[in-house]
Number of protein chains: 4
Amino acid sequence: MATSPGSRRRGRPPSSEGRDTREALLNAALALFARLGFAATTVRQIAAEVGVRDAAIYAHFPSKQAMYDVLFAEAGPPSWERLGLNPEVLAARTPAEVVPELVRRALDQWSTPRARLFGSFLLREGAGPSGLGRVYVGIEATLEHLAGLFAHWQNQGLIRGDVTARQLVWELFGPLQIPRFLFLHPDSTDVDIATCRRWTDDHVAFYLACTASPERPRP
Amino acid sequence: MATSPGSRRRGRPPSSEGRDTREALLNAALALFARLGFAATTVRQIAAEVGVRDAAIYAHFPSKQAMYDVLFAEAGPPSWERLGLNPEVLAARTPAEVVPELVRRALDQWSTPRARLFGSFLLREGAGPSGLGRVYVGIEATLEHLAGLFAHWQNQGLIRGDVTARQLVWELFGPLQIPRFLFLHPDSTDVDIATCRRWTDDHVAFYLACTASPERPRP
Amino acid sequence: MATSPGSRRRGRPPSSEGRDTREALLNAALALFARLGFAATTVRQIAAEVGVRDAAIYAHFPSKQAMYDVLFAEAGPPSWERLGLNPEVLAARTPAEVVPELVRRALDQWSTPRARLFGSFLLREGAGPSGLGRVYVGIEATLEHLAGLFAHWQNQGLIRGDVTARQLVWELFGPLQIPRFLFLHPDSTDVDIATCRRWTDDHVAFYLACTASPERPRP
Amino acid sequence: MATSPGSRRRGRPPSSEGRDTREALLNAALALFARLGFAATTVRQIAAEVGVRDAAIYAHFPSKQAMYDVLFAEAGPPSWERLGLNPEVLAARTPAEVVPELVRRALDQWSTPRARLFGSFLLREGAGPSGLGRVYVGIEATLEHLAGLFAHWQNQGLIRGDVTARQLVWELFGPLQIPRFLFLHPDSTDVDIATCRRWTDDHVAFYLACTASPERPRP
DNA sequence: TATGAATGAGCCTTCATTCAT
DNA sequence: GATGAATGAAGGCTCATTCAT
């Protein structure tokens, strides 16, 4: 992955090499922060991964911390909008149809290399307010976004009504987080990802069985 | 917490001071590793926390890494045995009675300062096989230990039988891990701990409602 | 000799200062290794001698050991070629003329500050295979280079023929080594060097008297 | 050679272990100083070689430097007296008989492990006044001791008279020093020692041939 | 006399960063 | 925009030594 450094001549490179050195540096930094942690990652490593010298970094970022900050800001909650799942549309269908798709899409997103990197990155850096806090924000956003949908289903009698809609969402997505972080990390193999999917499928089946409205749906 | 070093004179301290420096160093290291991560923790910090000079560490451990290794080896799965929950005894009671107690005890253990430290420590260091892997081992141990109990309840018709006992255990404890790591970290306040307990209680209530055998218990 | 460091500002020095830091570092290291030995020499001393901070060394060499290795590699046998003594040319002259000149040139070379430094350096570092071994290689090279010349003289009856030519060379140069290392060290004064020359002259006179062919030269 | 430390119980050992810990320490120190040099030798190494802990050294010597000083003081010139060669007695015999014996005895002494250690020790520590200076003192003592003998032979016409007796001694022993230090070091093998002896024998033969009085001995 | 535990100094090296080019 | 050479701070660790036992 790392271009061998030292082969580069000095001075400003032809602009054909593109302006994406900055992007490349960010990617390298993300990968290394996720794998090693911020403190254990050196600017030399980041630069080497991109094939430049460490001093070149300071043409793009004022400091190592600044790279971290940029990444941290990007590491926002997974956007449900980006998932193309419109609650209004979904409301017309039944939980048995929608829930598996919901989970599948979430898993697809969590499985992307970039998401796995961000996940490890957040997990590592600060159990307290910083890292896991960010995960929490993501969860809250999900709850917010989907609670309406589940409430609608409750009103229709398609899903049990004896707990809040928020909790229903949480009971669906909360249990997925452990397999997610356990199996979806930057070094995951295909086997890991498949294992994760199996755990997830089992949970979804259980969830649907549990939450199906106990009484028969009203006519 | 940190005794001020530098005041001590040169040689061996009089035994009247009677402190177990080795243990103290391990505790300080655990706290710092959990809070800052291994790489960001310096041996001088560890030593200062105990009130000795950094060089004194090397009379007890061959290296900083060795301290980590000792801690890592200690950070085993939470022993269910130590929880004083005997499956045979529990089998005589109903899930509605036992499950909340089970969870309460687990939470009690996870809430201890030491467990919170170890949790953060493991979370930080190595998402892949090392840190979270250890968490996974803990989960597996739990599944192993309690699956028999749940199977017994299934046989008695006290709990739904349409999923495996293992999954029943997982559906109980899996969802607790996120609130656990979210709210039970080394810097948790009482509010954090209370919040965690509330999430947990909600889940237990939901779980019991879901898993109660759908057919009425056999007479 | 040491430029005072610490006055320099942070970044790259303006090229107007135009110094070859790498060479300067090697020279300083050689002097210190010779005087104090490798282990007793600190990188800070080396750097200070050159007027830079110790960290600057690592822009030029990967380690202190690497500096040693470079010097050790350089400390090859004194090149007779460099002495400008061509055996073919010398063969036309008599031992009584050539031998004193040979010795004088060797002594001139051994007397240079750099040669004295290398001598002490080699002497210090490893009596066994490393240091003195290198001296031995130098001696062997000399024997090799000059044996032909002495054999030629033997054939002409200009020098005694009852020992091998190799031994004749050795009997000339071997005895010079003790005064050499005794008096030609990095701290030699002019008096030391003069003393060395006196011992040497005495030996040469003795050598010529001894090795003159005992029989009268053939007509 | 090193007893494994750590097996010793604490406190004062039974006096049966003898009072030679001090001697053992000195021997270990000599070996290490010779092999590694003073600076590169640690008190831990010395102690370990003897099977005690480093702190124990300070029950016998006030400092590492003190050990060095004791050794250095011992490293006196090889005593010709100890060789049992009485110049008066030798004077009654011819150079052709005495010289080979003289050299053989010197070589025997230089070949002892202890002498080899002291040799390397002196060679290493201070090319200038300290180490080689000591060697020089040894040489001077030899010259002093034997000059009378050679002068006697000169008077008898048994050996050439055109150089001073002092130089005759020097021309005999000076050339031996290089093979001595080259082949007689602490790690010498039997092959090394044999090689040294061969070089030496060649030199002695050459020396005798050279120094035999050119004129026929007076009747 | 020997040990374990501690100190203070210092060592080699690494790191993030700066600056002239 | 990128580089090489430099800095200052610090980091892990070793060393000689001290002291209570």
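About the criteria used
- Residues numbered from 1 in each chain as written.
- Chains lettered and ligands numbered in written order.
- Predicted model: local features only at pLDDT ≥ 70, side-chain atom pairs only at ≥ 80, totals over all residues.
- Heavy atoms only, no water.
- Helix = DSSP H or I, 4+ residues; strand = E, 2+ residues; numbered from the N terminus.
- Buried < 20%, exposed > 50% of the residue type's maximum accessible area, 1.4 Å probe, protein only.
- Contact = heavy atoms within 4.5 Å.
- Areas by Shrake-Rupley, 256 points an atom, 1.4 Å probe, with all protein chains shown as cover.
- Buried area = accessible area lost by both parts, 1.4 Å probe.
- Salt bridge = Lys/Arg side-chain N within 4 Å of Asp/Glu carboxyl O.
- Polar contact = N/O pair within 3.5 Å; in protein donor to acceptor, adjacent residues only side chain to side chain.
- Nonpolar A, V, L, I, M, F, W, Y, C, P; charged D, E, K, R; others polar.
- Phe/Tyr/Trp six-rings, centres within 6.5 Å; stacked < 30°, edge-to-face > 60°.
- Domains from an automatic or database assignment.
- Least-squares fit on C-alpha atoms with pLDDT ≥ 70 in both.

Brief notes about the overall build of chain A
Here is step 1 of the chain: Along chain A, the regular secondary structure elements total 11 helices and zero strands.
Here is step 2 of the chain: Going residue by residue from the N terminus, the α and β elements of chain A occur as α-α-α-α-α-α-α-α-α-α-α.
Here is step 3 of the chain: Taken over 219 residues, chain A has a buried fraction of 52%.
Here is step 4 of the chain: Counted over contacts in chain A with a minimum sequence separation of 6, partners at least 24 positions apart contribute 70%.
Here is step 5 of the chain: Summed over its atoms, the accessible surface of chain A is roughly 10,600 Å², and 55% of this surface lies on carbon and sulfur atoms.

Quick look at the interface of chain D and chain C
Here is step 1 of the chain: Opposite the 35 residues of chain D that make contact, chain C presents 35 residues.
Here is step 2 of the chain: Buried area between chain D and chain C, both sides added, is near 3,000 Å², and the carbon and sulfur share of it is 72%.
Here is step 3 of the chain: On the chain D side of the interface with chain C, the three residues burying the most area are Arg124, Ile178 and Phe206 of chain D, jointly 21% of the side's total.
Here is step 4 of the chain: On the surface where chain D and chain C come into contact, there are zero salt bridges.
Here is step 5 of the chain: At the boundary of chain D with chain C, the tally comes to five residue pairs in polar contact (both at pLDDT 80 or more).
Here is step 6 of the chain: At the level of elements, helix H7 (113–124), helix H8 (131–155), helix H9 (165–173), helix H10 (177–183) and helix H11 (190–211) of chain D are the ones that each hand at least two residues to the side of chain D that touches chain C.
Here is step 7 of the chain: Counting residues per element, the side of chain D that touches chain C draws most heavily on H11 of chain D, at seven residues.
Here is step 8 of the chain: When the residues that make up the side of chain D that touches chain C are grouped by side-chain class, the tally is 20 nonpolar, nine polar and six charged.

Let's talk about the packing of aromatic side chains
Here is step 1 of the chain: Summed over the entire model, instances satisfying the criterion amount to 41 aromatic pairs over all chains.
Here is step 2 of the chain: Between phenylalanine 33 of chain B and tyrosine 68 of chain B the ring centres are 6.1 Å apart and the planes differ by 55°, which places this aromatic pair in the tilted class. Remark: tyrosine 68 of chain B occurs in helix H4 (residues 64–74) and phenylalanine 33 of chain B occurs in helix H1 (residues 21–36); sequence separation between them is 35 residues.
Here is step 3 of the chain: With relative accessibility at 0%, the residue phenylalanine 33 of chain B sits in the buried group.
Here is step 4 of the chain: Using a relative accessible area of 11% as the deciding quantity, one classes tyrosine 68 of chain B as buried.
Here is step 5 of the chain: Here the aromatic rings of phenylalanine 33 of chain D and phenylalanine 121 of chain D are separated by 6.1 Å at their centres, their planes lie at 20°, and the arrangement is stacked. Here the residue phenylalanine 33 of chain D occupies a position in helix H1 (residues 21–36), and phenylalanine 121 of chain D occupies one in helix H7, the gap between them amounting to 88 residues. An identical accessibility class is assigned to phenylalanine 33 of chain D and phenylalanine 121 of chain D; each is buried.
Here is step 6 of the chain: Three or more aromatic residues joined by ring pairs make a cluster, and in this case those are Phe33, Phe38, Tyr68, Phe72, Phe118 and Phe121 of chain A.

Regarding the domain arrangement of chain A
All names here are of chain A.
Here is step 1 of the chain: Split into domains, chain A comes out as domain 1 (15–73) and domain 2 (76–211).
Here is step 2 of the chain: Opposite the 13 residues of domain 1 that make contact, domain 2 presents 13 residues.
Here is step 3 of the chain: In total, about 1,200 Å² of surface goes out of reach between domain 1 and domain 2, with carbon and sulfur atoms giving 59% of it.
Here is step 4 of the chain: Area buried by domain 1 at its contact with domain 2 is led by Leu30, Arg35 and Phe72, which between them contribute 47% of it.
Here is step 5 of the chain: The tally of links from domain 1 across to domain 2 stands at one salt bridge.
Here is step 6 of the chain: The partner of arginine 35 in a salt bridge is aspartate 187, and the shortest N-O contact between them spans 2.4 Å.
Here is step 7 of the chain: Joining domain 1 to domain 2, the criterion identifies four residue pairs in polar contact (both at pLDDT 80 or more).

Description of the side chain of threonine 41 of chain A
Here is step 1 of the chain: With respect to the helices, strands and loops of the structure, threonine 41 of chain A is situated in the loop between helix H1 (21–36) and helix H2 (43–50).
Here is step 2 of the chain: In this structure threonine 41 of chain A touches Leu32, Phe33, Leu36, Ile46 and Lys64 of chain A, once residues within four positions along its chain are discounted.

Brief notes about the environment of alanine 151 of chain A
Here is step 1 of the chain: With respect to the helices and strands, alanine 151 of chain A occurs in helix H8 (residues 131–156).
Here is step 2 of the chain: For alanine 151 of chain A and valine 169 of chain A, which are 18 residues apart along the polypeptide, the C-alpha to C-alpha distance reads 9.8 Å.

Examining the relation of the copies chain D and chain C
Here is step 1 of the chain: Overlaying chain D on chain C yields an RMSD of 0.1 Å, the required transformation being a rotation through 180° with an accompanying axial translation of 0.0 Å. The operation mapping one copy onto its partner corresponds to a two-fold rotation axis.
Here is step 2 of the chain: Of all interface residues in chain D, 100% are interface residues in chain C too; the two copies therefore contact each other through one and the same surface.

Some remarks on the pattern of salt bridges
Here is step 1 of the chain: Counting across every chain of the model gives 39 salt bridges over all chains.
Here is step 2 of the chain: Here glutamate 101 of chain C makes a salt bridge to arginine 93 of chain C, at a shortest N to O gap of 3.3 Å.
Here is step 3 of the chain: Taking relative accessible area as the criterion, glutamate 101 of chain C reaches 19% and is therefore assigned buried.
Here is step 4 of the chain: For arginine 93 of chain D, the salt bridge identified is with glutamate 97 of chain D, shortest N-O distance 3.6 Å.
Here is step 5 of the chain: Accessibility expressed as a relative area gives 31% for arginine 93 of chain D, which makes it partly exposed.

A word on the relation of the copies chain B and chain A
Here is step 1 of the chain: Here chain B sits on chain A after a turn of 180° about the axis and a move of 0.0 Å along it, with an RMSD of 0.2 Å.
Here is step 2 of the chain: Counting the interface residues of chain B, we find that 100% of their copies in chain A are interface residues as well, pointing to one common contact surface.

A short note on the interface of chain B and chain A
Here is step 1 of the chain: On the side of chain A, 35 residues touch chain B, which itself brings 35 residues to the contact.
Here is step 2 of the chain: Of the roughly 3,000 Å² buried where chain B meets chain A, counting both sides, 72% is carbon and sulfur surface.
Here is step 3 of the chain: When the buried area of chain B at its contact with chain A is split by residue, Arg124, Ile178 and Phe206 of chain B rank highest and sum to 20% of it.
Here is step 4 of the chain: There are zero salt bridges connecting chain B and chain A.
Here is step 5 of the chain: The interface formed by chain B and chain A holds five residue pairs in polar contact (both at pLDDT 80 or more) in total.
Here is step 6 of the chain: Contributions of two or more residues to the side of chain B that touches chain A are made by helix H7 (113–124), helix H8 (131–155), helix H9 (165–173), helix H10 (177–183) and helix H11 (190–211) of chain B.
Here is step 7 of the chain: Element by element, the count of residues in the side of chain B that touches chain A is highest for H11 of chain B, at seven residues.
Here is step 8 of the chain: A breakdown of the residues in the side of chain B that touches chain A according to their chemical character gives 20 nonpolar, nine polar and six charged.

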